[in-house]
Amino acid sequence: MKECFPSINVGDERISYQKTGKGKPLLCLHGWAGHERTFDGILPFFNPHFSVYQLAWPGFGSAPLRKSEYTLDDMVRWVDTFREHFGFRKIYLMGNCIGANVALEYAYQHPDRLKCLILNEPHAFMPFYFYLLIYPVIGNVLLRALFKTSPGRAIIMRMFPLEEEEGTGYTARRLAAVPTPSMSAFLRAMYIYARSTDPCARTKVKVPTIFPLPKNTFGQVAVFEELYGLCFSNLEVIPVEGEVHNPVVENPQAFARAVLPHLGIRK
């Protein structure tokens, strides 16, 4: 049975979320196939120090997608409306995968509203083969073939490391559960952003930024570190121990051990 989480109106869409812990507000933004429980693995380590809000993009969690198209600027606006709804003056903001790119854009637009930025697996670009997935007819056919069939998901799982089925983060089960229109709208927003934005040409991000870097990672993440490292005036690249690809969901303890000391949390 599908879990139901609270949601709030952020204008043209609704954002569902899970709230746990106590302390300083930490908003977590998931990537493709995420939901309100993507970051559950880190909660035992973060909840004693932070009120953790896991936001789910429209159509990925309890709140359905209302519109067929939106932009990354819209996603930034949703996050800020969420912050304002709860009356937070400043927040800690963590993004995973494509959610990290939304977090980065939030830092460009609202640096005065952030205490710290945590970018986990941000993408420097969209792989060329993703472009086919955004075409109106061809894209929907490919999305269904890849994510709504067992052979398609088997191909994806060979290409990208995923969790075991019982996990709460990125699993084949989650890929099958996300509605195709939601996937398509999410990808289109990132495609437009990748084509029209050059972060290197903008003013440096002054917000304290943490970039946890695992040994095994996507090529576009390595490119992000190489090309965009100069776009920050206060960036810390933190190695994450172990042979992991996405430590937030694969090894939350190693992720917490690497990140928490840089947030002033020491046992």
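Scroll up a little and you will see the structure.
Residues numbered from 1 in each chain as written. Predicted model: local features only at pLDDT ≥ 70, side-chain atom pairs only at ≥ 80, totals over all residues. Heavy atoms only, no water.

### What to know about the side chain of serine 184
Tracing the backbone shows serine 184 in helix 7 (residues 180-196). In contact with serine 184, not counting residues within four places along its chain, are Asn140 and Leu143. (Helix = DSSP H or I, 4+ residues; strand = E, 2+ residues; numbered from the N terminus. Contact = heavy atoms within 4.5 Å.)

### Points about the nonpolar core
Of all hydrophobic cores here, the largest spans 53 residues; its most connected members are Leu27, Trp57 and Leu93. Looking at which element gives the most residues to this core, the answer is helix 3 (residues 98-109), with 8 residues. Here leucine 93 is in contact with Leu26, Leu27, Leu29, Val79, Ala103, Tyr106, Leu114, Cys116, Leu117 and Ile118, once residues within four sequence places are set aside. Judged by nonpolar contacts, the second largest core, of 25 residues, contains Ile42, Tyr92, Val248 and Phe255. (Core = buried A, V, L, I, M, F, W, Y, C linked by side-chain atoms within 4.5 Å. Buried < 20%, exposed > 50% of the residue type's maximum accessible area, 1.4 Å probe, protein only.)

### Describing helix 2 (residues 72-85)
Spanning 14 residues, helix 2 covers 20 Å between terminal C-alpha atoms, matching the ideal 20 Å at 1.5 Å per step. If you check which residues of helix 2 are buried, you get Leu72, Asp74, Met75, Val76, Trp78, Val79, Asp80, Phe82 and Arg83. Of the residues trailing helix 2, glycine 87 is marked for its positive phi of about 75 degrees. (Expected span 1.5 Å × (residues − 1).)

### Here we look at the packing of helix 2 against helix 3
Orientation of helix 2 relative to helix 3, taken along the N-to-C sense of each, is 75 degrees, at an axis distance of 9 Å. Looking at the two axes, helix 2 sits roughly perpendicular to helix 3. Here Leu72, Asp73, Met75, Val76, Val79, Asp80 and Arg83 of helix 2 lie close against helix 3, whose contacting residues are Asn101, Val102, Glu105, Tyr106 and Gln109. Residues that form the contact of helix 2 with helix 3 fall into these classes: 6 nonpolar, 2 polar and 4 charged. (Axes fitted to C-alpha atoms, helices over the stretch in contact; angles between N-to-C directions. Parallel < 35°, antiparallel > 145°, perpendicular 65-115°, else oblique. Nonpolar A, V, L, I, M, F, W, Y, C, P; charged D, E, K, R; others polar.)

### Some remarks on the pairing of strand 5 (residues 91-96)
Within strand 5, 6 of the 6 residues are buried, which leaves the element mostly enclosed by the surrounding structure. Side-chain alternation along strand 5 places Ile91, Leu93 and Gly95 on one buried face and Tyr92, Met94 and Asn96 on a second face that is also buried. Strand direction decides the pairing type here: strand 3 (residues 24-29) and strand 5, joined by 4 bridges, are parallel. Across the sheet, leucine 26 pairs through a bridge with tyrosine 92, a residue of strand 5. Both strand 5 and strand 6 (residues 114-120) contribute to a ladder of 6 bridges, which runs parallel. (Pairing = 2+ DSSP bridges.)

### Observations concerning the environment of threonine 149
One can find threonine 149 in the loop between helix 4 (138-147) and helix 5 (150-159). Its relative accessible area of 31% is what places threonine 149 among the partly exposed residues. Sequence spacing of threonine 149 and alanine 176 is 27 residues, and the spatial spacing of their C-alpha atoms is 7.9 Å.

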